[in-house]
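# Breakdown of the fold
So you can see what is in the structure, the chains are spelled out below.
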Amino acid sequence: MAKFRNLNSGIRIRALACCSVIAVAGGAVPALAEAAASDAASPSVATDEIVVTGIRGSLRASAALKRDATGILDAIASEDLGKFPDSNVAESLQRIPGVTIDRSGGEGRFVTVRGFGPAFNTVLVNGRSFASDNIGREFSFDLLAAELISGAEVYKSSLARLQDGGIGATINIQTPRPLDLKNFQIIASAKGNYEQNSKNITPQGFALVSFKNQAETLGLLVSGSYQKRDSRTPYIENRGYLPGSTVGPASNPLFTNVFAPRNQDTGVTTESRERIGLTATAQWKPADNVTLTLDGLYNKFNDVVDNNALGAWFEPSQYTAAQIDSNRTVTSLTTNGNADLIVSSASRFVETKAVGLNAKWEVTDNLTVSYDGSWSRATDSAGGRNLFTVIGIPSQYSFAQAVGGGFPSVTNFSSDITNPNLGRTHIALRTGNDQSERVNEHRFDAVWKGDGDTLKAFRMGFVYTGRSKSSQLVATNPNTTCLYCGYNTPAPASLLQPFSVGNFLSGGGTVPRNFQTYDANAYLAYLESPAAAAALNSFYGAPPGTVAGLLAATNGYAATPQASSFSVTENVYAGYADADFAGDFGSMPWFVNIGGRYLHTSVKAFGQQLNLLDLLPVSGDPTIYTGVFANGGTPVSTTKSSSYDYFLPSLNARINLRDDVVARFAASRTLTRPQIADLAPRTNFDVLRPASLNASGGNPDLKPYTSDNFDLSFEWYPNKSSLFSVGLFYKRVKNFIVQTRANEIFAIANAGNLPVGGNITGPNEATFSVRRPRNQEELSVRGVELNATHTFDWLPGMWSGFGIAANATFVSSSAPFDQASTTQSFALEGLSNSQNVTVFYEKYGLSLRAAYNHRGRFLQYLVTPGEGGDPVFVRPYQQVDVRAAYNFLEHYQVFFEGTNVLDAQNVTTGRFDNQVLSVRNTGARYAIGARVDF
């Protein structure tokens, strides 16, 4: 819900200004800025200056704009510059019907619309394609500080002039323009953020200066934002359940064909997030009919993520006792193994730059032409800057499944996991991907406005979008990664130090709270030392210098470019034309927009891959193999090109059944291109374990998903500040890309004399389960969106300050997950119902709000990204946020904010709800701050 200003201080706005209105929860407020390609969805909007007062005026403007919109869209906008409805743009978007979000570290990061995940939604900035730091097409909303943004439109029905690529929706983020603002404006705000879990207080600040001359021919705007956040998230995590497992000794198994838990880690994630954001915009009108806009954006986001955990590995063949339930899920077990002291990191170091130029020329009263050119680049320089290390303590331990809403237990460690003298060396590596994307876009548009009774406007244009994305794994050589695997040599006691997880998760469950940790860089340095090499030489009975020679040949544990890399160049040429028609059917005004978009896409994909030579057993550790790769781990390069053409028609129609009732219908064909990483021609060897030999690869011949879409909606406007609507939608998606697993045989030398059986299917062959994407399936998605917004102006006195905004979305798919099938290769990920309720009070300078968000259970991954191979579900999640503010002396405000105040936990499960895979507690966050606006 939006944040509202003092009712006693009027806010003068223009309906066309991008910061003009407050969007509350599901209220649809398209910010119709005259910028780039963000063409207003309304055929005509009054440009007379109006005065609104607080929430009531904003809701009236919101209802009017939604009522006149061409297509079906919703939007959010800041109440005023630098004052967005929530601390994060994604968290505000989730209050729109049909929109749900995925969180990272307790903050919204990715957006799902109508059951279609982040890769299915096109995200634009000021109408332009924008580079992403992710390996796929997803846009990370946590990169951009909310204060830098003036609004965001969510187009749910397609228009020919909109950028293609979004089957779910097209989301256009907007930044302010100085010629839309008052002559001179200074805004500044500051707040302190308090983290419940870490007990840390961190700063956040924002400043904006905007100027335009009296003639309104020159405008300049600069803004900057700084945010710091230190968080602490306790968690338990399981890599998945292994279906069809045999547990216990092969000669006398305890059970066969069961779902066996892979492992359980108990730990704490600490994050230090720092955002620096800058924007600058210059506008010049050299003539009354010409407007030039130049803008730039810079963002730096460092997210340093460290994990300290105690791991317990459950190798099926090492079970000494177990129990199962009626679903054949292992509910308890005892096993021999090692208590793993894990230190790892998964940081992001993202830098984003963008610049754009827009030229608009009103040639005549009827004809307007424009050019928009933009460039953006996003990089994540995490290559070699993350790590994964393990020191083990030989031990027996037990596991018990979660009970009710609790978390699984790991208990009965036979060794003292707090004793630093028991540590043994194991796996260690530096890792991380350097990722980069660059986008160049050029757009030419022409709009002709008709003077006739029926044809109101005709548009046509051409767009070129060039996208280049690359990903390079920078890591320890794979022939070094497992050099010390097997827990065969002691780790110096001086490396280890006590660690406590402290306050843990709620709901019940037993895990060790105290164990040990270490400095991972010091551990890696020790593994490269002469002392460690001598100890390993002694264990294997190898000649002196053997281990040192291996380390020298592979650069030791230094991070160097590895085989898991790819790059893809994609060029899209698109042309469009559409027209607006309007008239009257009796006493009912009608409006129709019809158009089409033709596009040609060419793709060139480059990949690298290792050639596997052999799998060797690891002495002392029967749970893992060492891979031997050709040419000392040097990859082989491959290149592949492809192209495709599509025509995308669209129709948007509305009719005013009565003065206060609007009906809409929309039909279109849309597409979403394959994930960039899926196009890479490569094969990666992911898991080298006796119980699971897993590999994955790409497919450069993939075609886009295509969808035929139909929308029907009814909106009732009983008065100026109330809106009730219901929307029905249906999507039929073809060419659905499925990540399927199939067995593929790889030749091995078998120098270690691995016995034939299991995944070793011959004396010199190993069978891997290889996951690759393919165009195979089709599905339909249908749903209903309900939305209501109302202010209680009709109540007397102080009671008239109350209001409510609520919405609900219910969706279903023709491809649900079949719980009984262990071979299903297709189901729609991310599909879930959602509900939002926001109540607010705004009067006498006081602003109060409480917002409730609920997302139902959904399938997150059809196949576990880890080693289980089974699905991952997210349990229902609900969060409550609050805000209180007081305005005084017209220009000043103090405020208090609370996020996740009921301390909700994120829980994922496997196929069955008692297969708890992870529980994470990000905790509540609170902030106190002040704002000034002149």
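Look above for the structure.
## Regarding the packing of aromatic side chains
- As enumerated under the stated definition, the model contains 29 aromatic pairs in all.
- Ring plane angle 20 degrees and centroid distance 6.1 Å describe the contact between Phe 896 and Tyr 926, whose orientation is recorded as stacked. Highlighted residues: Phe 896 in strand E45 (residues 892-899) and Tyr 926 in strand E48 (residues 925-933), separated in sequence by 30 residues.
- By relative accessible area, which is 34% here, Phe 896 ends up partly exposed.
- Assessed through its relative accessible area of 25%, Tyr 926 is described here as partly exposed.
- By way of ring pairs, the aromatic residues Phe 116, Phe 120, Tyr 705, Phe 736 and Phe 826 are connected into one cluster.
- Here the guanidinium or amino end of Arg 385 rests over the ring plane of Phe 349, the centre of that ring lying 3.6 Å away.

## Some points on the state of the cysteines
- This model, assessed by the stated rule, comprises one disulfide.
- Disulfide pairing places Cys 482 opposite Cys 485 at an S-S distance of 1.9 Å. Disulfide Cys 482-Cys 485: torsion about the S-S bond near -105 degrees, hence left-handed. A single burial state applies to Cys 482 and to Cys 485, both of which are buried.

## Side note on the pattern of salt bridges
- Inspection of every chain in the model, using the stated rule, returns 43 salt bridges.
- One salt bridge in this structure joins Lys 640 and Asp 701, with 3.0 Å as the shortest N-O distance. One end of the pair, Lys 640, is in strand E32 (residues 636-658); the other, Asp 701, is in the loop between strand E35 (692-697) and strand E36 (705-716), and 61 residues separate them in sequence.
- The salt bridge involving Arg 875 is made with Asp 913; its shortest N-O contact spans 3.1 Å. Linking Arg 875 in the loop between strand E43 (872-874) and strand E44 (877-888) with Asp 913 in the loop between strand E46 (906-909) and strand E47 (916-920), this pair joins segments that are 38 residues apart in sequence.
- The partly exposed category is assigned to Asp 913, whose relative accessible area is 39%.
- In the salt-bridge network here, residues are joined through shared partners; they are Glu 107, Asp 133, Asp 142, Glu 195, Arg 229, Glu 271, Arg 273, Arg 275, Asp 303 and Arg 348.

## Examining helix H5 (residues 530-540)
- Taken as a whole, H5 has its buried residues at Ala 532, Ala 533, Leu 536 and Asn 537. Angular distribution of buried residues about the axis of H5 spans 135 degrees; they occupy a single face of the element. Set apart from the buried face of H5 by more than 90 degrees, the exposed residues are Pro 530 and Ser 538.
- Those residues of H5 hidden inside the fold are in contact with helix H4 (520-527) and helix H6 (546-553).

## A word on the side chain of Ser 409
- Checked against the element boundaries, Ser 409 lands in strand E22 (residues 409-411).
- Polar side-chain contacts of Ser 409 include one of 2.8 Å to the backbone nitrogen of Thr 510.
- Each residue touching Ser 409, except ones within four places of it in the same chain, is listed here: Gln 264, Ser 398, Phe 399, Ala 400, Gly 509, Thr 510 and Val 511.

## Some words on the pairing of E32
- Examined bridge by bridge, strand E29 (residues 588-609) and E32 share 20 bridges and lie antiparallel to one another. In the strand pairing of E32, Phe 606 is matched with Thr 639.
- Pairing of E32 with strand E33 (residues 661-672), which is carried by eight bridges, proceeds in the antiparallel orientation. By the bridge assignment for E33, Asn 656 is matched with Val 662.
- Hairpin geometry of E32 and E33 is characterised by an intervening segment of two residues between the two adjacent antiparallel strands.

Analysis parameters
- Residues numbered from 1 in each chain as written.
- Predicted model: local features only at pLDDT ≥ 70, side-chain atom pairs only at ≥ 80, totals over all residues.
- Heavy atoms only, no water.
- Phe/Tyr/Trp six-rings, centres within 6.5 Å; stacked < 30°, edge-to-face > 60°.
- Helix = DSSP H or I, 4+ residues; strand = E, 2+ residues; numbered from the N terminus.
- Buried < 20%, exposed > 50% of the residue type's maximum accessible area, 1.4 Å probe, protein only.
- Lys NZ or Arg CZ within 6 Å of the ring centre and 35° of its normal.
- Disulfide = S-S within 2.5 Å.
- Salt bridge = Lys/Arg side-chain N within 4 Å of Asp/Glu carboxyl O.
- Arc of directions from axis to C-beta.
- Contact = heavy atoms within 4.5 Å.
- Polar contact = N/O pair within 3.5 Å; in protein donor to acceptor, adjacent residues only side chain to side chain.
- Pairing = 2+ DSSP bridges.

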